[in-house]
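# Structural characterization, general
One letter stands for each residue in the lines below.
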Amino acid sequence: MGKQISQKNVQDEIEKLRHDIRRYKHSYFTLDSPIISDPEYDQLFRRLQNLEIQHPELITPDSPTQERSGAKPLKAFSEVKHALPMLSLDNAFNEDEVVDFDCRVHERLGVEGDIDYICEPKFDGLAISLLYEKGVFQQGATRGDGVTGEDVTQNLRTIHSIPLHLRGADVPAVLEVRGEVYMPKAGFEELNKEAGRKGTKLFVNPRNAAAGSLRQLDSHITASRPLAFFCYGVGLVNGKFSKDTQSSILEQLKKWGLPVNPLIEVVKGINGCLNFFHNTAKKRPHLSYDIDGVVYKVNRLALQERLGFVTRAPRWALAHKFPAQEEFTTLEAVDFQVGRTGAITPVARLKPVFVGGVTVSNATLHNMDEIKEKDLRIGDIVVVRRAGDVIPEVVKAIEERRPAHAKKIALPTQCPVCHSAIEQIEGEAVARCPAGLYCPAQRKEAIKHFASRRAMDIEGLGDKLVEQLVDEKLVKNIADLYSLKLDVLADLERMGEKSAQNLLDQFEKGKTTTFARFLYALGIREVGEATAKILARHFGNLQTLYTATEDDLQETPDIGPVVAKHITHFFKETHNREIIEKLVQSGIHWEEVKRPQKSALSGKTFVLTGTLEQMTRDQAKDRLENVGAKVSDSVSKKTDYVVAGSEPGSKLAKAEKLGVKILTETDFLKLLQGLSS
Ligand code: IVH
């Protein structure tokens, strides 16, 4: 009786797994819109395989484990039956699984010593078969379910890297080339930018964009998409063809004009493979196309033949995948954080998920517009992306998997820290807490900014310490920092007398600064480092800046009406002036700023191009600005001089065309010296 119940449970689980797997395959292969991650899918597939191994009596011919893989081709394209099936690859997600693979290869072949493997990038696009007869491209097909694919010949003909005629007299009569069609990253970005402008649907990633582009019924559309191709093998071949090693096959294909990836390498043994994996992972962010791992293949074809195939994949090859850059997880909550300027930022709290090599549990959602646009709800299954060192991002919610209890996200009416009523200005994406420095959150952020490396650079005043100082009400504003006493600091958590003294020493050291750094440290809205430098150079001291009007400010380069308003507003506040005076009284000082002198070059516009030998570009810029000249990035009719260092760019050519006066570095130095003599 007990056995029957468990048999029934197993049967139910198997049926559910098959049903789910079919649904996920359909979304992935047919719709190009996956709703589950590869590892989650693999786990389900493996679970089904294991149950069927334990209960072979429950295997049915229509189980996904019995099919090859993929879905039926879309009706609109005609079908192509592959002369030889297009196989898939087994995956490894860690080094242990690579070691197991190498052991299996050794065991099956009964050989010792290092095997020669060819290592290839695993291109993240879609598999394609190209049929050449007497060197002429005849037919191209997608992989489809591995046995039957779709005839996409017309579309493939539009891809520049697919040759329509092969070069050389020794091309076999029939040659089927296999490889991957992909979309370069830059082309993908461009395509999505355009879709954004037109308001059409965005593609999730370059692979989906490539698949979508190749499956267009109108090949004109495909032709307008930036697609490319790399080959990685052959299918059916009739005629003279040396099938000695995978590397020699690729060499022949390359000789005939087919694109072979330049990173491919033949290595010795598993160590060679793992080195290739690590080196390729390092190169990955700099490649112009997406790869999602590397592929190891036994290089000798005689050995490949002895190893043979299992149902879906060859025993002589393995895909070693990089940690996924996109994963699925649950959006558990959304918190609202208060920034330095009061901006309220929604932050996604995620069920921790390993993506792009790190565990991600938070991601900024920027503002309410983004939440609305992506239609995110609490409880949703979302796609999280983290590529390279890029900050993690919530890409989208999977609507098909939205739970019934999913909750809409609303902007709070009160600041989560000081409870002031939140302001949302019409037309602005960002909502704000208007309480300024009365809000402890903004106070903390203002102090953190003041102490930061590019501002006052107070080493040792880290975020945690700032939070303690504000929470314990020891510091209300940046000026209070300088009246902190040794015993008070020493009593703080994780401090002690020595650290406290070190911190006081750092405060002292930081009192010598520059006017530009000081202005930046004040945290005036919209005043970044560059604007602070301009203000310092132009106004020279605090008194002049206090009395500057919006018009005065707008006369300086790069300061527009909005920034000018923020600046005058800041200096008008008595409270801010009091703090500044206190800071100066506590000993913060800077060398007097050299105001631009009136000179023969005052008001002249310079453009710098190429490398200068005697000074950096920044130094050249400083020297010019000190004599009242302006430095611009691009050449126009208004440019007075172009200074051309070695290897100048297109700016020199443009200057020549416009008849702008060109100076060599020596001419330039002479001109500057002439001014001071
Ligand atoms: S060889 C019998 N080499 O990965 C071996 N495949 O997961 C068949 N892929 O369908 C494939 N880069 O679309 C091979 N260097 C490479 C590859 C590669 C990407 C794709 C291909 C295949 C899939 C299997």
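### Observations regarding the site of the ligand
Taken together, 13 residues surround the ligand, and among them Glu 120, Phe 123, Glu 180, Tyr 232 and Lys 297 come closest. In the environment of the ligand, a nitrogen atom lies 2.8 Å from a nitrogen or oxygen atom belonging to the side chain of Glu 120. Taking Tyr 232, its side chain carries an N or O atom lying 3.4 Å from an oxygen atom of the ligand. Protein burial of the ligand: of its 520 Å² of free accessible surface, 87% is covered by the chains.

### Focus: the pattern of salt bridges
Counting across every chain of the model gives 26 salt bridges. Close ionic contact of Lys 255 with Asp 170 constitutes a salt bridge, the shortest N to O distance being 3.3 Å. Of this pair, Lys 255 sits in helix H8 (residues 246-255) while Asp 170 sits in the loop between helix H4 (153-156) and strand S7 (174-182), and the two are 85 residues apart along the sequence. Beyond isolated ion pairs, a larger network of salt bridges with shared partners links Asp 375, Arg 377, Asp 380 and Arg 402.

### Structural notes on the sheet that holds strand S9 (residues 265-268)
Within a sheet, each strand pairs with its neighbour through backbone hydrogen bonds, oriented either parallel or antiparallel. Pairing in this open sheet of 5 strands is mixed, and the strands run S2-S11-S10-S3-S9 from one edge to the other. The two strands at the open ends of the sheet, each matched to only one other strand, are strand S2 (91-92) and S9. Note: strand S3 (residues 116-123) against strand S10 (residues 291-298), 7 bridges, orientation antiparallel. Following the sheet pairing, Tyr 117 is matched in S10 by Val 298. Contacts from H8 reach S3, S9 and S10, with the element oriented near 50° to S3.

### Structural notes on the sheet that holds strand S24 (residues 661-663)
The 4 strands lie next to each other as S22-S21-S23-S24, forming an open sheet whose pairing is parallel. The open sheet has two edge strands with one neighbour each: strand S22 (630-632) and S24. In this sheet, adjacent strand axes meet at a mean angle of 30° when their direction is disregarded. One ladder, built from 3 bridges, connects strand S21 (residues 605-609) with S22; its direction is parallel. Within S22, the position partnered with Thr 605 by the bridge is Lys 630. Along the sheet face, helix H22 (residues 617-626) touches S21 and S22 and points at about 170° away from the line of S21.

### Considering the packing of helix H3 (residues 95-109) against helix H9 (residues 269-283)
Here H3 crosses H9 at 145°, and the two axes come no closer than 10 Å. Considering how the two elements wind past one another, H3 and H9 form a crossing that is right-handed. Contacts between H3 and H9 involve Glu 95, Val 98, Val 99 and Asp 102 from the former and Ile 270, Leu 274 and His 278 from the latter. In terms of residue class, the contact of H3 with H9 is made up of 4 nonpolar, 1 polar and 2 charged.

### Topic: the side chain of Arg 178
Of note, Arg 178 is situated in strand S7. A polar contact is formed between the side chain of Arg 178 and the backbone oxygen of Pro 85, at a distance of 3.2 Å. Polar side-chain contacts of Arg 178 include one of 2.9 Å to the side chain of Glu 176. If we skip the residues at most four places from it in the chain, Arg 178 touches His 82, Leu 84, Pro 85, Met 86, Ile 128, Ser 129, Phe 229, Cys 231, Tyr 232, Gly 233, Val 234 and Gly 235.

### A look at the packing of helix H20 (residues 561-572) against helix H21 (residues 574-585)
Working note: a packed helix pair is described by the angle between its axes plus the distance between those axes. Here H20 crosses H21 at 75°, and the two axes come no closer than 5 Å. Taken together, the axis directions place H20 and H21 in an arrangement best described as roughly perpendicular. Together, Phe 570, Phe 571 and Lys 572 of H20 and Thr 574, Asn 576, Arg 577 and Ile 580 of H21 make up the contact between the two elements. Here the contact of H20 with H21 is built from residues that sort into 3 nonpolar, 2 polar and 2 charged.

### Overview of the nonpolar core
Core analysis: the biggest nonpolar cluster contains 56 residues, and Phe 450, Leu 461, Leu 481 and Leu 583 have the highest contact counts within it. At 6 residues, the largest contribution of residues to this core is made by helix H16 (residues 515-521). Ignoring sequence-local partners within four residues, the contact set of Leu 461 consists of Ala 451, Val 466, Leu 469, Leu 481, Leu 503 and Phe 507. Residues Ile 128, Phe 137, Leu 250 and Leu 258 belong to the second largest nonpolar core, which totals 37 residues.

### Section: unusual backbone geometry
Phi at Glu 526 is positive, roughly 70°, even though this residue is not glycine. Even without a glycine there, the phi angle at Glu 647 is positive, about 45°. Locating Glu 647 in the fold gives a position in the loop between strand S23 (641-644) and helix H23 (650-658). On the basis of relative accessible area, Glu 647 is assigned to the exposed category, the value being 74%.

### A short note on helix H17 (residues 529-539)
Within H17 the residues assigned to the buried category are Thr 531, Ala 532, Ile 534, Leu 535, Ala 536, Arg 537 and Phe 539. If you follow the buried residues of H17, they end up packed against H16, helix H18 (542-547), helix H19 (550-555), H20 and H22. Two residues or fewer after H17 comes Gly 540, characterised by a positive phi angle close to 75°.

Conventions we followed
Residues numbered from 1 in each chain as written. Predicted model: local features only at pLDDT ≥ 70, side-chain atom pairs only at ≥ 80, totals over all residues. Heavy atoms only, no water. Near = heavy atom within 4 Å. Polar contact = N/O pair within 3.5 Å; in protein donor to acceptor, adjacent residues only side chain to side chain. Areas by Shrake-Rupley, 256 points an atom, 1.4 Å probe, with all protein chains shown as cover. Salt bridge = Lys/Arg side-chain N within 4 Å of Asp/Glu carboxyl O. Helix = DSSP H or I, 4+ residues; strand = E, 2+ residues; numbered from the N terminus. Pairing = 2+ DSSP bridges. Contact = heavy atoms within 4.5 Å. Axes fitted to C-alpha atoms, helices over the stretch in contact; angles between N-to-C directions. Left-handed = near helix turned anticlockwise from the far one by under 90°. Nonpolar A, V, L, I, M, F, W, Y, C, P; charged D, E, K, R; others polar. Parallel < 35°, antiparallel > 145°, perpendicular 65-115°, else oblique. Core = buried A, V, L, I, M, F, W, Y, C linked by side-chain atoms within 4.5 Å. Buried < 20%, exposed > 50% of the residue type's maximum accessible area, 1.4 Å probe, protein only.

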